[in-house]
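Structural characterization, general
The lines below spell out each chain.
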Amino acid sequence: MSAAPALESETLLRVEGLQTWYPIRAGVMQSRVGWVQAATDVSLELAAGRTLALVGESGCGKTTVGRSILRLETPQAGRIEFEGRDLLELDAEELRAARQRIQIIFQDPMASLDPRMRVRDQIAEGMRSFGIGANENERRDRVASLLERVQLDPDTMDRYPHEFSGGQRQRICIARALAVEPRLIVCDESVSALDVSIQAQILNLLRDLQEELDLSYLFITHDLSVVRYLAHDVAVMYLGKIVETGPTESLFRDPAHPYTQGLLAAIPSIDPLIRGGAPPVLGDVPSPSDPPRGCHFHTRCASVMDRCRVETPAMFAANGRASRCFLSEPGGEDEGGA
Amino acid sequence: MNVEPYIASNVVTLVLLVGVGFLVAFVRRNRLWREAARTLWSRRKVAILTVGLYLAIGVLDSFAWKGGVPEDVVDVLPNAPLTLVDRLFLGTREASYSAPLAEIEFYGGQPLRHPGTHLLGTDILGRDVLYLSLKGARVALLIGGLTSLIAIPLALLFGVGAGYFGGRFDDFVFFLISTLASMPGLLLLITLIMVMGRGTLSVCVALGVTSWVGFCRLSRAETLKLRELEYVSAARALGVSEPAIVLRHILPNLAHLIVITFVLMFSGLVLSEAVLSWLGIGVDGSWGQMIDGARDELSREPIIWWNIGAAGTALFGLILAVNTVGDAIRDVLDPRTLRDSP
Amino acid sequence: MSALLEVRDLRTTFPSSKRSAGPDDGLPVVDRVSFDLSSGEVLALVGESGSGKSMTALSILRLVPKPGRVVAGEVRLGGENLLDYPVTEMRRVRGTRISMIFQEPMTSLNPVVTAGAQVIEAIQLHDSIGYADARARTRELFVEVGIPDPDARLDAYPHQLSGGLKQRVMIAMALSTRPEILIADEPTTALDVTIQAQILALLRDLQRTRNTAILLITHDLGIVNELADRVAVMYAGRIVEVAERTQLLSNPLHPYTQGLLRSIPARSAAGDRLPEIPGTVPPPSQWPSGCRFSTRCPARFEPCADVMPEELRPAGGRRVWCHDVARNTNPQTDEHGEEEA
């Protein structure tokens, strides 16, 4: 693994203009009648050893982005540069080799493990694919040490997934991902299905592993409190587009985009002195197959202006922060809505 | 090299037994299957033992060898290949009908050659009905087993392929299934058997070709579901190739369906053969044929009931036992039990 | 003032896998649970999965799935014990005096019946009014729960509605009979956080205007803070602490409550290690004979594993079950001096 100390963290992953749309087919001939615009014009950057949180509510496209990076989905356009090479340009063999460096941990610990395979075989499966470990015994030892590292008893390696609890299964998934020595792990809602007390354990584990192994995480979640704890940088998504990016603390303290503001304000606080007032974001999410014209958030935005209904804002960047909103446009704009 | 049929049959039986041996070894090694087997045993001992009994009889009737025929036996050729079951009943032939445990012939009242020894009577050719019933076991097992061995792999090939790879292959399979399903099954069966000629193999092939559609649909649907599960995506992300994913992740998770389908299909096939026998194109020596022969017998006065009684009971016994075990297997192998955490 | 709902020593068991002889044998997933719910009050029942909170709600309505059974205790609604009611009487209570809404709006609504029809059916089940009147009342309810374009939504099928809208329909259905008590089992867990904020605001408003008592079941302490007046914390089938909302959140007594609050990431600044509660909830077959949290408790000492703690009543209407609190509490004061990390 990387032993050379980097003065400036290398950019491990750079996504530019990613577009992944799903065709909607209907009719006898199953012709395409429309598109589910799951992810549009998505750009982000992740440096080695750091965590980028991709945040949004259901249907915003964050899972699609995660899966596209692993090429478990097929994007229509864009670049996904990993370790300097565009993953979308690779052929099958090269892709397979590249897959060793990017792994994924899913949300549902039950569906993530094959119920009919022993745990040790599942952890070793990746090792076998990529030729890690010279023989069965060596792989067995590695499985044991991986289980220890995720704080599970190595003697349980011959058991089946249903004999473990949800939190333990998630640890097994982490061990499986670590087995092939990746540099980037996509965590797709990896702690969302866990109880709060177990969640804390897994989050600590992920943090420790990041420090030990110089891992990068693309942490996909809808839970903003987890984001604040784990992520260095945040990208907020709404209806398929990234609406705001920036370092975590800065974004949380001073969100620029109205959706981010609404998202943060909607989280129920456990501070007994704070009780919510009116809900910050009204209405329902529009359908991704027919997003609103102009700024796609304008139908629910408290600060909507006339131009928002017709013009589509670009990402306006300043001081390491960026926001897809006319209110953030540099050089004067109408404050205070229409 | 011209292999005599009985030697070929012996070899095939041996191979099947070895195959079963491997299955048993696998079940003993794999903890999930072992526990399922144990649960099944604890719930359905009687049914399992019954099936076991039929199996034992079938196996005993499957190895034939030549020679060893006593001199005074006249109804078989001296060097005909005979099985153990055959030999047990050697030389018990009567002239014609006799009632169970009777001392005299049914028509005419002549004393029997072996009075009081025929537990279930004799048929029109004087053959012991118990002997015929026992021989029918092997035929039934053959029909159920061999046909399933044809139908299930066929169904898996098309079903899993269509479900996993989708696209044109899926369209083709769908077309195939729809076409086959819209043909009247019985007519198709009759046509195939007429074309291929009568005989055990043709019947098995014909039955196999007409009964794979149901399981094909089922395995396609299940594969579609499994394909979307996250552990399949995880395997892909771990660099496992598509064929390996199908082999290592999809098929083992279809195994419970295969077992259930096999057991439940079995009884349907045996019953189908009975219908074919009634039409005169079934397999020789089957219970169906015995029942078919009873059409005459039941219209006689006084009626001859022991032929159809024996064959019907034997058939009923096997089907009931197999279905009982099959239901229990379906419960025991329910994958939902694999989703509960302790 | 006696409470609207008084639950005393409620006990619900599920048979253990070993065949036991007695009818009382079995694992108590709800174990001697007692609490009061006053008219117009919101009481939150908080716990993680396996704590027994949902099962408590089902026990009150006597909807415990087989093979579980309510084996002991009392559930007094307006003075009468619901556990003594014959089933026909109980059916009249369900949906009229006590209503329930569930976690998954996806599966709580019948997919082949329109939203309006389901609410109308609920109304007509308990009130003998004609279809036109019931439909008018349903439309009013839809407006009250904030469903936009209510006339169109009356004839919409569930799959045409978003998660938030479906939950509003559920709430309309539950409130259509003006129940005294609404049991809400994780009503917003399946919803996005912005929609959740809307539903919580709605529940708050409805509760105020109709003065309905709510038994809120949740694992999210943020939701507790938004809606609840009082809180009962459950662990492994037992209640371990009861307190008024601000007291519980600012000064939790029981070590489990403290651990729970600490492990919420919002409370830690980035950079700290998240305080964990080590270990996992033991399954019912492995519960110690004493305090069930003792296997993971940082304040554990000799009596904890063997002796079940007795109820303590510190000042302020609080209740807590903990040996450590018992030995540390000075009966004169009402503050307990454990600081948070």
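Residues numbered from 1 in each chain as written. Chains lettered and ligands numbered in written order. Predicted model: local features only at pLDDT ≥ 70, side-chain atom pairs only at ≥ 80, totals over all residues.

Let's talk about the overall build of chain A
Spelled out, the test is: Runs of E in the DSSP output that reach at least two residues are strands. Runs of H or I that reach at least four are helices, and both are numbered from the N terminus. With C-alpha atoms as the basis for the radius of gyration, the globule rule is written as 2.2 Å multiplied by the number of residues raised to the power 0.38. Whether a residue is buried, exposed or partly exposed is read from the other C-beta atoms within 10 Å of its own C-beta, which are placed from the backbone; 20 or more gives buried, 12 or fewer gives exposed, and intermediate counts give partly exposed. With C-beta atoms placed from the backbone, a contact is any residue pair whose C-beta atoms sit within 7 Å.
Looking only at helices and strands, chain A has 10 helices and 12 strands in total. What you see for chain A is a C-alpha radius of gyration of 21 Å, in line with the 20 Å of a compact globule of 338 residues. Seen along its three principal axes, the alpha-carbon backbone of chain A occupies a region of about 70 × 60 × 50 Å. Within chain A, the fraction of its 338 residues that count as buried is 46%. Nonlocal contacts in chain A, meaning residues at least 24 apart in sequence, comprise 64% of its contacts between residues at least 6 apart.

As for the overall build of chain B
Secondary structure summary: chain B contains 14 helices and 2 strands in total. Along the longest, intermediate and shortest principal axes, the C-alpha atoms of chain B span 80 × 45 × 45 Å. The 342 residues of chain B split such that 37% are buried. Counting only contacts in chain B whose residues sit at least 6 apart along the sequence, the fraction spanning at least 24 positions is 62%.

Let's talk about the pairing of strand E2 (residues 31-47) of chain A
Residues and elements named next belong to chain A. For clarity, the cut-off: Here, any two strands with at least 2 DSSP bridges between them count as paired.
Inspection of the sheet shows strand E1 (residues 11-26) paired to E2 by 11 bridges, in the antiparallel sense. Pairing of Ala-26 across the sheet is with Ser-31, part of E2. Linkage of E1 to E2, two consecutive antiparallel strands, is achieved through a turn of 4 residues, within which Gly-27 is found at a positive phi near 85°.

Re the packing of helix H3 (residues 119-130) of chain A against helix H5 (residues 166-178) of chain A
All names here are of chain A. Let me state the cut-off plainly: Every axis in this analysis is a line fitted to C-alpha atoms, fitted for helices over the stretch in contact. Angles between the N-to-C directions lie between 0 and 180 degrees. When an angle is under 35 degrees it counts as roughly parallel; over 145 it counts as roughly antiparallel; between 65 and 115 it counts as roughly perpendicular; any other value is oblique.
With their axes 7 Å apart at the nearest point, H3 and H5 run at an angle of 30° to one another. Judged on the interaxial angle alone, H5 and H3 are roughly parallel. The segment H3 lies against H5, with Val-119, Gln-122, Ile-123 and Gly-126 engaging Ile-172, Ala-175 and Arg-176.

Looking at the packing of helix H13 (residues 287-297) of chain B against helix H14 (residues 306-332) of chain B
Residues and elements named next belong to chain B. For the record, the criterion: In this scheme the handedness of a crossing depends on how the near helix is turned from the far one: anticlockwise by less than a right angle means left-handed, clockwise means right-handed.
It is the contact of H13 with H14, at a shortest axis distance of 8 Å, that shows an interaxial angle of 150°. Considered as vectors, H13 and H14 are oriented roughly antiparallel to each other. Where H13 crosses over H14, the handedness of that crossing is left-handed. Contacts between H13 and H14 pair Trp-287, Met-290, Ile-291, Gly-293, Ala-294 and Glu-297 from the former with Asn-307, Ile-308, Ala-311, Gly-312, Ala-314 and Leu-315 from the latter.

Overview of the environment of Pro-275 of chain C
Within the secondary structure layout, Pro-275 of chain C lies in the loop between helix H11 (255-262) and strand E11 (319-320). Residue classification places Pro-275 of chain C among the partly exposed residues on the basis of 19 C-beta atoms within 10 Å.

A closer look at the interface of chain C and chain A
Taken together, the contacts link 37 residues of chain C with 34 residues of chain A. Elements that contribute at least two residues to the side of chain C that touches chain A include exactly helix H7 (163-175), helix H8 (193-210), helix H9 (221-227), helix H10 (245-250) and H11 of chain C. Broken down by element, the residue count for the side of chain C that touches chain A peaks at 7 residues, all from H8 of chain C.

What about the sheet that holds strand E8 (residues 216-221) of chain A?
Within a sheet, adjacent strands bond to each other through the backbone by hydrogen bonds, running parallel or antiparallel. Residues and elements named next belong to chain A. The sheet built from 8 strands is open, its strands ordered E6-E7-E8-E3-E9-E10-E12-E11 with mixed pairing. Bordering the open sheet on either side are strand E6 (102-105) and strand E11 (316-318), each of which pairs with just one other strand. For this sheet, the mean inter-axis angle between neighbouring strands, taken without regard to orientation, is 20°. Taken together, the 4 bridges between E6 and strand E7 (residues 184-188) define a ladder with parallel strand orientation. Residue pairing in the sheet places Ile-105 in a bridge with Cys-187 of E7. Sheet contacts for helix H9 (residues 258-266): strand E9 (233-238) and strand E10 (241-247); angle to E9, the most-contacted strand, approximately 100°.

Quick notes on the confidence of the model for chain A
Worth spelling out the cut-off: Per-residue confidence from the predictor is reported as pLDDT, which spans 0 to 100.
On average, residues of chain A score 88 in pLDDT, and 95% of them reach the 70 mark or higher. With pLDDT under 50 throughout, residues 1-7 of chain A is counted as low confidence; its partners more than four residues away or in other chains account for 6 contacts.

Thoughts on the pairing of strand E4 (residues 77-82) of chain A
All names here are of chain A. Bridge analysis of E1 against E4 gives 5 bridges, and the strand direction is antiparallel. Of the residues in E4, the one forming a bridge with Gln-19 is Ala-77. As consecutive antiparallel partners, E4 and strand E5 (residues 85-86) are separated by 2 residues, and within that stretch Glu-83 has a phi angle of approximately 50°, a positive value.

Here we look at helix H1 (residues 5-29) of chain B
Basically, it comes down to this: In this analysis, the expected span of each helix is defined as 1.5 Å times one less than the number of residues it contains.
Over its 25 residues, H1 of chain B runs 36 Å from end to end, which matches the ideal 36 Å to within 8%, given 1.5 Å per residue. By the criterion of burial, H1 of chain B is predominantly exposed, with just 0 of the 25 residues buried.

Considerations on unusual backbone geometry
Cis peptide bonds are those with omega within 30 degrees of zero, and the linkage from Glu-301 of chain B to Pro-302 of chain B qualifies with -5°. Mapped onto the elements of the fold, Pro-302 of chain B is located in the loop between H13 and H14. Backbone torsion omega between Lys-66 of chain C and Pro-67 of chain C reads 5°, so that peptide bond is classified as cis. Looking at where Pro-67 of chain C falls in the secondary structure, it is placed in the loop between helix H1 (53-60) and strand E4 (69-77). Located in the positive-phi region is Arg-32 of chain C, a residue other than glycine, with phi close to 50°. Relative to the assigned elements, Arg-32 of chain C resides in strand E2 (residues 27-37). The phi angle at Asn-211 of chain C is positive, at roughly 55°, despite the residue not being glycine. The residue Asn-211 of chain C is located in the loop between H8 and strand E8 (213-218) in this model. Classification of Asn-211 of chain C by C-beta neighbours within 10 Å gives exposed; the count is 11.

A closer look at the confidence of the model for chain B
For chain B, per-residue confidence averages 88 on the pLDDT scale, and 98% of positions sit at 70 or higher. When mean pLDDT is taken per element in chain B, helix H9 (residues 213-227) of chain B scores highest with 93 and helix H4 (residues 84-88) of chain B scores lowest with 85.

Some points on the sheet that holds strand E5 (residues 80-81) of chain C
Residue and element names in this part refer to chain C. Ordered by their spatial adjacency, 4 strands build an open sheet running E2-E1-E4-E5, and the pairing between neighbours is antiparallel. Both edges of this open sheet fall to E2 and E5, since each of them pairs with a single strand only. Of the pairings in the sheet, the one linking strand E1 (residues 5-14) to E2 comprises 7 bridges and is antiparallel in character. Considered in E2, the bridge of Thr-12 is made with Val-30.

Brief notes about the environment of Gly-67 of chain B
Relative to the helices and strands, Gly-67 of chain B resides in the loop between strand E1 (64-65) and strand E2 (82-83). Measuring from C-alpha to C-alpha, the distance between Gly-67 of chain B and Leu-77 of chain B comes to 9.6 Å, with 10 residues separating the pair along the chain.

Quick notes on the environment of Ile-202 of chain A
Residues and elements named next belong to chain A. With respect to the helices and strands, the residue Ile-202 is situated in helix H6 (residues 196-213). Expressed as a C-alpha distance, the spacing of Ile-202 and Pro-115, which sit 87 residues apart in the sequence, is 22 Å. Here Ile-202 is in contact with Gly-167, Gln-170, Val-191 and Leu-194, once residues within four sequence places are set aside.

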